Amino acid sequence: MLFGLFWGDWTILIVLPGLIFTLIAQAMVRSAYEAGARVSMPWGMTGGALARRMLDANGMADVRIERVPGTLTDHYDPRERVLRLSENVYTGANAAAVGVAAHEAGHAMQDARGYVPLRLRMAMVPVTNFGARMAMPLFLIGLIFTSLFRTGILFFEWLMLAGILAFSLSVLFQLVTLPVEFNASRRALRSLAGSGTMSEEQLRAARRVLSAAAMTYVASLAVGLLSLLRLLLIFSSASSRRR
Ligand SMILES: [Zn+2]
């Protein structure tokens, strides 16, 4: 019954363009990374070495760098003030590795400078996680009972709306993520260009990786917005059928 009510209905098609966009963006990241990995850096400068240099040059000698397993698992942890780089980025002496490492160091710079969108994003994490856990259970329980009881019981419509509200917290989070990600890449590229050690070709390759990575965040937001629209449509058709 759940399947028919939720996954089987036509509104799933609304989300489809967003999912296709996501797949394209992910493919672009892979191909940009592979191309950038073939552009080697002068003097064997690795992602790890570059991140260290960037942190030190910006008064963040106390920020540690750790190696983590996986591919493109790189991230900056503002709580522990640790920059975690994947094996390929840490040891890679190429434009792609250096670009990703500089981007993560860009997040550390945001943290050190009190960049407001990063602060906001950090503050939103617990609320967003709670909302993400509650959204679908609330929405689906509300949907089932709204469809069962054709008269009265407004309560279950409110439950659906509560689910939609909880879901929209995740979308808001994705929205706040955009300036944080774009700004980290801007800081990274400014620092790489300012170092004066990178050729035009190396800079171009690094920029391509970061632009493609930025697209994946735009795609996530698109999926979030379309999913929200879908929930609203299901809600309006379920509550109008009841009347
Ligand atoms: Zn980032």
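What comes next concerns the included structure. (Residues numbered from 1 in each chain as written. Predicted model: local features only at pLDDT ≥ 70, side-chain atom pairs only at ≥ 80, totals over all residues.)

## A short note on the overall build of the protein
Point 1. Counting its secondary structure elements, the protein contains eight helices and three strands.
Point 2. When the helices and strands of the protein are listed from N to C terminus, the series reads α-α-α-β-β-β-α-α-α-α-α.
Point 3. Over its C-alpha atoms, taken along the principal directions, the protein stretches across nearly 75 × 35 × 25 Å.
Point 4. Split into buried and exposed, the 243 residues of the protein put 34% on the buried side.
Point 5. Look at the contacts in the protein between residues 6 or more apart in sequence, and 77% of them connect residues 24 or more apart. (Helix = DSSP H or I, 4+ residues; strand = E, 2+ residues; numbered from the N terminus. Buried ≥ 20, exposed ≤ 12 C-beta atoms within 10 Å, placed from the backbone. Contact = placed C-beta atoms within 7 Å.)

## Observations concerning the pairing of strand S3 (residues 82-86)
Point 1. Bridge count between strand S1 (residues 64-68) and S3: five bridges; the pairing is parallel. Looking at S3, one finds that Glu 66 is bridged to Arg 84.
Point 2. The pairing of strand S2 (residues 75-77) with S3 spans three bridges and is antiparallel. Of the residues in S3, the one forming a bridge with Tyr 76 is Leu 83.
Point 3. Between the end of S2 and the start of S3, which pair antiparallel, lie four residues, with Arg 81 showing a positive phi angle near 55 degrees. (Pairing = 2+ DSSP bridges.)

## Examining unusual backbone geometry
Point 1. Backbone geometry places Trp 43, a non-glycine residue, at a positive phi of 50 degrees.
Point 2. Structurally, Trp 43 is set in the loop between helix H2 (12-37) and helix H3 (47-57).
Point 3. Backbone geometry places Leu 72, a non-glycine residue, at a positive phi of 50 degrees.

## A closer look at the nonpolar core
Point 1. Counting 42 residues, the largest nonpolar core has Ala 51, Val 98, Ala 101, Ala 102, Ala 105, Ala 206 and Val 209 as its most contacted members.
Point 2. For this core, the elements supplying multiple residues, two or more each, are H2, H3, S3, helix H4 (87-91), helix H5 (95-112), helix H7 (155-195) and helix H8 (200-242).
Point 3. Looking at which element gives the most residues to this core, the answer is H5, with 10 residues.
Point 4. Not counting residues within four places of it along the chain, the set of residues in contact with Ala 102 comprises Leu 50, Ala 51, Met 54, Ala 188, Ser 191 and Leu 192. (Core = buried A, V, L, I, M, F, W, Y, C linked by C-beta atoms within 7 Å.)

## Structural notes on the packing of helix H6 (residues 116-148) against H7
Point 1. Taken N-terminus to C-terminus, the directions of H6 and H7 make an angle of 150 degrees; their axes are 6 Å apart at the nearest point. Viewed along their axes, H6 and H7 adopt a mutual orientation that is roughly antiparallel. As H6 packs across H7, the resulting crossing turns out to be left-handed. (Axes fitted to C-alpha atoms, helices over the stretch in contact; angles between N-to-C directions. Parallel < 35°, antiparallel > 145°, perpendicular 65-115°, else oblique. Left-handed = near helix turned anticlockwise from the far one by under 90°.)

## Thoughts on H5
Point 1. Across its 18 residues, H5 extends 25 Å between first and last C-alpha, which sits within 8% of the 26 Å expected from 1.5 Å per residue.
Point 2. Buried residues dominate H5, accounting for 16 of its 18 residues.
Point 3. Backbone geometry just after H5 places Gly 114 at a positive phi near 65 degrees. (Expected span 1.5 Å × (residues − 1).)

## What to know about H3
Point 1. Among all positions of H3, only Gly 47, Gly 48, Leu 50, Ala 51, Met 54 and Leu 55 are buried. With its buried residues spanning 165 degrees around the axis, H3 presents them on a single face.
Point 2. Buried residues along H3 sit against S1, S3, H4, H5 and H7.
Point 3. Once H3 finishes, Gly 59 follows within two positions and takes phi at roughly 70 degrees, a positive value. (Arc of directions from axis to C-beta.)

## Some remarks on the packing of H5 against H7
Point 1. With their axes 7 Å apart at the nearest point, H5 and H7 run at an angle of 115 degrees to one another. Comparing the axis directions of H5 and H7 gives the class roughly perpendicular. Note on packing geometry: the crossing formed by H5 with H7 is right-handed. Contacts between H5 and H7 involve Val 98, Gly 99, Ala 102, His 103, Ala 105, Gly 106, His 107, Met 109 and Gln 110 from the former and Val 180, Asn 183, Ala 184, Ser 185, Arg 187, Ala 188, Ser 191 and Leu 192 from the latter.
Point 2. Taken together, the residues of the contact of H5 with H7 sort by class into eight nonpolar, eight polar and one charged. (Nonpolar A, V, L, I, M, F, W, Y, C, P; charged D, E, K, R; others polar.)

What is shown is where atoms sit, not what they do.
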